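# Tertiary structure, described
Below, each chain spelled out in residue letters.
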Amino acid sequence: MIHKYTLFGYNIVLDVESGAIHILSDIAMQMLGYLELMPEKNNFKDLPDECPVDIRYYLAKYESSEVKETYSELKELYQNQLLFSKPDNFVGDAAPGVPVIKALCLNISHDCNMACEYCFAGKGDFGIKDSGKKLMDEKTGMNAIEFLMRNSKSRRNLEVDFFGGEPMLNFETLKNIVGNTRKLEKEYNKNVRFTLTTNGTLLNDEKINFINENISNIVLSLDGQKETNDNMRKYNGGDGEGSYSEIVPLYQKLIQDRKEKNKYKDYYIRGTFTKKNLNFAKDITHMRELGFENVSVEPVVSEESNDYAIQKQDLPVIFREYEILAREIIRRERSQKNTFNFFHFNIDLENGPCVYKRAKGCGSGSEYLAVTPDGDIYPCHQFVGNEKYKLGNVNNTNIKLNKNLMKNFYDNNITSNEKCGKCWAKYFCGGGCPANNEKFNGDIYTPYEIACEMEKKRVECAIAIKAVLNG
């Protein structure tokens, strides 16, 4: 399978199975298109040594020597398994038989001091019946940590994500979990990497210092320009006031301190764009002007009934916006001024993950799980509150996980879904987000079409950026 397109003046071809990327001349691009239409497509070995007569006819405007040379070059790529290459047989015998848990999302707070309009977590409490707003206690947190260490088998490097609601509402418990985990690491021979997602409103010098000394990666919520951010991200119970003016200087201090004197450097400014700000490239570049070099801005996922929901008819505008952003990244990279890293364009095309990992996606429900303040285990934070996806509870002395449900998640890969298996971008998304699939289609296997189309456009832009900068 191949995917070919033209962007920023470059003819680009991705050989899906090998991951090889080719920048082709106009004649090579046209020839490849004709070869795809032939009955013998994907089977160059059955084609003659020289370009077939009917294709030479369509390429008559080119010199015959150029046609012959181009054909030979394309055939050589095929023979070297860099064009129309065959898929690896990684499923079954080649795939590990039992999932190994390697990461937990600790929802240490089912409460929030903000009321973001698009919040999937029900303004913090995840809409859990008979539970409501709640903070995780230290005992439950440590039960979750021990659960992770016991079920990670021989895997030494683990990850724990502090999430909410707003985790800073439960800061003392967070600190104690980190400290106690460091003591357990030696006992279990593990190394735990902590991450944290926060809205930033409760940050102060003490918390900033603790984060920069103990949290490997910090995700800071900001949607962009003041008007964009404050339109959707308002304080809970307030008079409609947004958070921009308070959090920006706190973020700037945290990141500056992180760069200068702390052992951890990783961070992302993480935003959400909606139908109300489809010109999100301006919000991203604004965040760079604030001094933030690592930016991730995600499309909102919402029912179509909401006025901020992204719908299929918005895709052409969104595609153009991604191209605008890609051009801006290229311009800055060429000038080496105010460059920045946009998460969705950050694709390692030379040393990407192994086929198995690319085919399995995020690993939710099998390798990555979420734990609520009550200790309930779910496939990920976006499934929290959906009772049919509850896997167990870390506070039970003898935890019996729902192995059948975990197997359903483990088996969810690009070969178990016919539509994904035929998609050229399959190795870049691993089948998409199971939570979004379930939300819109009622099961974790059926991909959410709007998300698929946006992911494909982002991949095209990411590849084109590499092509332009290396061309």
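Each remark here, short or long, concerns the structure printed above.
The sections below set out a description of the structure shown in this document. (Residues numbered from 1 in each chain as written. Predicted model: local features only at pLDDT ≥ 70, side-chain atom pairs only at ≥ 80, totals over all residues. Heavy atoms only, no water.)

## Considering the pairing of strand β4 (residues 103-107)
Keep this limit in mind: Exposed residues in this analysis have more than 50% of their type's maximum accessible area, buried residues have under 20%, and partly exposed residues fall in between, with area computed by a 1.4 Å probe over protein chains only. Here a strand is any run of E in DSSP of at least two residues, a helix any run of H or I of at least four, and the numbering for each starts at the N terminus. In this analysis, strands are considered paired if DSSP registers two or more bridges between them.
Burial runs high along β4: five of the five residues are buried. Burial along β4 is two-sided: the residues Ala103, Cys105 and Asn107 and Leu104 and Leu106 are all buried. Bridge analysis of β4 against strand β7 (residues 157-163) gives five bridges, and the strand direction is parallel. What sits directly across from Cys105, in β7, is Asp161. Where β4 and strand β13 (residues 368-371) come together, four bridges link them in parallel fashion. Bridging across to β13, Leu106 finds its partner in Val371.

## Overview of a negative patch on the surface
Keep this limit in mind: The patch calculation keeps residues exceeding 30% relative accessible area without a salt bridge and links them within 9 Å when they carry like charges or within 5 Å when they are nonpolar (Val, Leu, Ile, Met, Phe, Trp, Tyr). Per-residue and other accessible areas follow the Shrake-Rupley method at a 1.4 Å probe size, with only the shown protein chains counted as cover for residues. Whenever Lys or Arg places a side-chain nitrogen within 4 Å of a carboxyl oxygen from Asp or Glu, that contact is recorded as a salt bridge. For the purpose of counting charges, residues Lys and Arg are taken to be positive, whereas Asp and Glu are taken to be negative. His and the chain ends are not included. Every charge is mapped to an atom, namely NZ of Lys, CZ of Arg, CG of Asp or CD of Glu.
A cluster of acidic residues, Glu63, Glu66, Glu69, Glu73 and Glu76, forms a negative patch on the protein surface. Here Glu63 shows up in the loop between α2 (53-58) and α3 (64-79). Taking relative accessible area as the criterion, Glu63 reaches 58% and is therefore assigned exposed.

## Section: the packing of aromatic side chains
So the rule is basically this: Centre distance within 6.5 Å is the pairing criterion for rings of Phe, Tyr and Trp, where only the six-membered ring of Trp is used; planes under 30 degrees apart are then read as stacked, over 60 as edge-to-face, and the remainder as tilted.
Within this structure, the stated rule accounts for 14 aromatic pairs. Their ring planes at 85° and their centres at 5.6 Å tell us that Phe171 and Phe210 sit as a pair that is edge-to-face. Remark: Phe210 occurs in helix α6 (residues 205-214) and Phe171 occurs in helix α5 (residues 171-188); sequence separation between them is 39 residues. When its relative accessible area of 5% is taken as the criterion, Phe171 is described as buried. Overall, Phe210 belongs to the buried group, its relative accessible area being 15%.

## Considering unusual backbone geometry
Going from Gly164 to Gly165, the amide bond is cis rather than trans, its omega being 25°. Tracing the chain through its elements places Gly165 in the loop between β7 and α5. Positive phi, close to 60°, is recorded for Gln336, a residue that is not glycine. For Gln336, the location among the structural elements is in the loop between α10 (315-335) and β12 (341-342).

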